[in-house]
Amino acid sequence: MKIAILGGGISGLSAAWYARKKYPNAEISLLEQKDRLGGWIQTSHENGLLFEQGPRTFAANRSSHLVELIEETGLSSQLIFSDPCAERRFLFCKGKLRRAASFLPMLILPLIREPFIPKGKGEDESIYDFAARRLGPKIANTLIDPMALGIFAGDIHKLSIRSCFPFLYRWEQERGSLVLGAFFSQFSNKKKGRKGLFTLQSGMGTLIEELALQSRADIRFETTVETIRHDGVIANGAFYPADLVVSALNGSTIGQITGLWRDFYEADLWIVHLAYDGDCLPKKGFGYLVPTQEGENLLGMIWDSAIFPQQSPSGKTRVTLMMREGNVEEAIAVMKRYLGVDAEPIFTSAHLAKAAIPQFYVGYGKRLARFEEEAKKQFPSLILLGNYLRGVSVNACISISKEYFLG
Ligand SMILES: Cc1cc2nc3c(=O)[nH]c(=O)nc-3n(C[C@H](O)[C@H](O)[C@H](O)COP(=O)(O)OP(=O)(O)OC[C@H]3O[C@@H](n4cnc5c(N)ncnc54)[C@H](O)[C@@H]3O)c2cc1C
């Protein structure tokens, strides 16, 4: 059996892993456009400093598929857990950093009222409309907007509640209220393991290397898939025959290649890394998010070395800023102005993450269903995997790959 996997991100590599389990003797080719694997997962080691370009933190109680894959690939000893301080999250509000917990009083009245607000008709709506309806515009702009920014780097007036935060949509539909939904979910989630965040000691790139090695796929670098046929694919002008074609490409690419989804949106953002000698963060925590209403270029900042001090054995400070426009000078100025870090950084880098995060705009669920249905009709041997199907988390990507091959 010949299997062609398109794209060498975590979706493609986990697909190769599970395909190998299901079909030990299959000929598996993995076609990747770039000269490296991992897609958004990319660990760099600069002057002994570890930086993740993409995903770096995973909630222990919501990442069972990722944990399982780490264990299966023999990387359990690499698992490290976050410092307890990572539970502390901050928000930037009116020019100041405030503990997220300090906003709780502002939530009391809206939460008392919320169960009495009639539930919506079940139609999709924007995150803003949903949150403003149930909790009020102030909560929507101050607390819900940064939560959405932190995951999707997008606009809550356009993003769909149903596709971005399906659990909130469900709580309203099933329980009639977010408060009741949250209350009951506490019970159902009770036994789901430890709290906190985890990552891999040497970075998420380690998992990519192991998957590539152990799946024994024939990996073709710098190979751009151009056309999908019923009996294989064309990449770089050459034909790759396959009984099964597995797309682990990002949404806009597979949309273009199939010609079935041309207006698929993905958000760009800049990733800026800074490192400093010694431990110079005046606050300890996960980092902070900046609500859109603050009008800043900064979306948020992650205090990498506070979350995982194990990855900074020399005690150096490492932070990552997510920005609308990449600007190292501005990033350094933000560190000075809001965190009082006057020292000069010992390392800086900035890169544009282009088309980084799929944008699930209102009505996305219907558009996706139409795309999947049409793809099934026109490309019967094509399997769709990736982060635009069920959620952008690495865990969600792995879960779809696993489900397809192992059920
Ligand atoms: C900055 C950032 C931070 C994130 N942080 C987190 C986090 O902390 N936790 C979390 O769970 N998730 C996080 N995510 C989301 C998560 O990283 C991604 O959703 C996930 O890695 C996507 O994996 P993928 O394999 O589906 O797609 P990708 O990683 O996009 O891989 C697709 C691959 O296909 C290749 N390709 C594209 N076109 C072609 C073509 N025509 N032919 C051949 N190959 C092609 C690409 O080069 C790429 O290697 C983050 C994402 C970003 C961008």
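Cut-offs and rules
- Residues numbered from 1 in each chain as written.
- Predicted model: local features only at pLDDT ≥ 70, side-chain atom pairs only at ≥ 80, totals over all residues.
- Buried ≥ 20, exposed ≤ 12 C-beta atoms within 10 Å, placed from the backbone.
- Helix = DSSP H or I, 4+ residues; strand = E, 2+ residues; numbered from the N terminus.
- Arc of directions from axis to C-beta.
- Contact = placed C-beta atoms within 7 Å.
- Pairing = 2+ DSSP bridges.
- Near = placed C-beta within 6 Å.
- Nonpolar A, V, L, I, M, F, W, Y, C, P; charged D, E, K, R; others polar.
- Axes fitted to C-alpha atoms, helices over the stretch in contact; angles between N-to-C directions.
- Parallel < 35°, antiparallel > 145°, perpendicular 65-115°, else oblique.
- Left-handed = near helix turned anticlockwise from the far one by under 90°.
- Core = buried A, V, L, I, M, F, W, Y, C linked by C-beta atoms within 7 Å.
- Domains from an automatic or database assignment.
- Expected span 1.5 Å × (residues − 1).

Draft legend 1. Representation of helix α2 (residues 64-72) within the structure. Three or more residues of α2 are buried, namely His 65, Leu 66, Leu 69 and Ile 70. Down the axis, α2 shows its buried residues gathered within 140° of arc, on one side only. At its buried positions, α2 is contacted by α1 (10-22), β5 (58-59), β6 (79-81), α9 (205-214) and α14 (394-406). Just downstream of α2, Gly 74 is the residue with a positive phi angle, here 80°.

Draft legend 2. Region of the structure containing the pairing of strand β7 (residues 89-93). As paired elements, β7 and strand β16 (residues 287-289) share three bridges and run parallel to each other. Looking across to β16, one finds that Leu 91 is bridged to Leu 289. Two strands pair when backbone bridges link them, and β7 and strand β8 (residues 96-99) are joined in this way by four bridges, in the antiparallel orientation. Bridge pairing links Leu 91 to Arg 98 in β8.

Draft legend 3. Here's a closer look at the site of the ligand. The full set close to the ligand counts 36 residues, and Gly 7, Gly 9, Ser 11, Gly 39 and Pro 55 are the nearest of them. Of all elements in the fold, only α1, β19 (347-358) and α14 reach the threshold of two or more residues within the shell around the ligand. A class-by-class count of the residues in the shell around the ligand yields 17 nonpolar, 16 polar and three charged.

Draft legend 4. Inspection of unusual backbone geometry at higher detail. Even without a glycine there, the phi angle at Ala 153 is positive, about 50°. Relative to the helices and strands, Ala 153 resides in the loop between α5 (137-152) and α6 (161-164). A count of 19 C-beta atoms within 10 Å places Ala 153 in the partly exposed class.

Draft legend 5. A look at the packing of α1 against α14. Viewed as axis vectors pointing N to C, α1 and α14 meet at an angle of 30°, and their least axial separation amounts to 8 Å. Considering their axes alone, α1 and α14 lie roughly parallel with respect to each other. Crossing handedness for the pair α1 and α14: right-handed. Listed contacts from α14 to Ile 10, Ser 11, Ser 14, Ala 15, Tyr 18, Ala 19, Lys 21 and Lys 22 of α1 are Val 394, Cys 397, Ile 398, Ser 401, Lys 402, Phe 405 and Leu 406. Residues belonging to the contact of α1 with α14 are distributed by class as follows: nine nonpolar, three polar and three charged.

Draft legend 6. Representation of the sheet that holds strand β18 (residues 317-323) in the model. Taken together, seven strands build an open sheet; the order of strands is β8-β7-β16-β17-β18-β15-β19 and the sheet is mixed. The open sheet has two free edges, formed respectively by β8 and β19, since each of these has just one partner strand. Across the sheet, the mean angle from the axis of one strand to that of its neighbour is 25°, orientation sign disregarded. Note that strand β15 (residues 266-276) and β18 share seven bridges and pair antiparallel. Bridge pairing in β18 places Ile 271 opposite Met 322.

Draft legend 7. Representation of the sheet that holds strand β9 (residues 197-200) within the structure. The three strands are arranged β5-β9-β6 in an open sheet whose pairing can be described as antiparallel. Unpaired on one side and paired on the other, β5 and β6 mark the two borders of the sheet. Of the pairings in the sheet, the one linking β6 to β9 comprises three bridges and is antiparallel in character. Bridging across to β9, Phe 81 finds its partner in Phe 198.

Draft legend 8. How the structure looks around the nonpolar core. The biggest cluster of nonpolar side chains holds 58 residues, and the ones touching the most others in it are Ile 127 and Leu 321. Counting only domains with at least three residues in this core, you end up with domain 1 (2-41 + 202-264 + 361-406) and domain 2 (107-188). Discounting chain neighbours no more than four positions away, the residues touching Ile 127 are Ile 144, Ala 148, Ile 156, Leu 159, Ile 161, Cys 164 and Phe 165. Ranked by size, the runner-up nonpolar core spans 52 residues in total, among them Leu 37, Ile 383, Leu 385 and Cys 397.

Draft legend 9. Spatial organisation of the pairing of strand β14 (residues 244-247). Of the pairings in the sheet, the one linking strand β1 (residues 2-6) to β14 comprises four bridges and is parallel in character. Note on β14: the bridge partner recorded for Leu 6 is Ser 247. Note: β14 against strand β20 (residues 382-384), three bridges, orientation parallel. Looking at the pairing, Val 245 lines up with Leu 382 of β20.

Draft legend 10. Fine view of the domain arrangement of the protein. We note that the domain assignment places domain 1 (2-41 + 202-264 + 361-406) and domain 2 (107-188) within the protein. Each of domain 1 and domain 2 has a C-alpha centre, and the two are 32 Å apart.

Draft legend 11. Just α1, in detail. Helix length check: α1, at 13 residues, gives a terminal C-alpha distance of 18 Å against a target of 18 Å (1.5 Å per residue), a fit within 8%. Most of α1 sits inside the fold, with ten of its 13 residues counted as buried. All of the buried residues in α1 are Ile 10, Ser 11, Gly 12, Leu 13, Ser 14, Ala 15, Ala 16, Trp 17, Tyr 18 and Ala 19. In this structure, the buried side of α1 is in contact with β1, β2 (27-31), α2, α9, β14 and α14.

Draft legend 12. Structural view of the packing of helix α4 (residues 127-135) against α5. Taken N-terminus to C-terminus, the directions of α4 and α5 make an angle of 135°; their axes are 8 Å apart at the nearest point. Here α5 runs oblique to α4, going by the angle between their axes. Crossing handedness for the pair α4 and α5: right-handed. In this structure, α4 uses Ile 127, Tyr 128, Ala 131, Ala 132 and Leu 135 to contact α5, whose residues at the interface are Pro 137, Ile 139, Ala 140, Ile 144 and Ala 148. Each residue belonging to the contact of α4 with α5 can be placed in one class, and the counts come to ten nonpolar, no polar and no charged.

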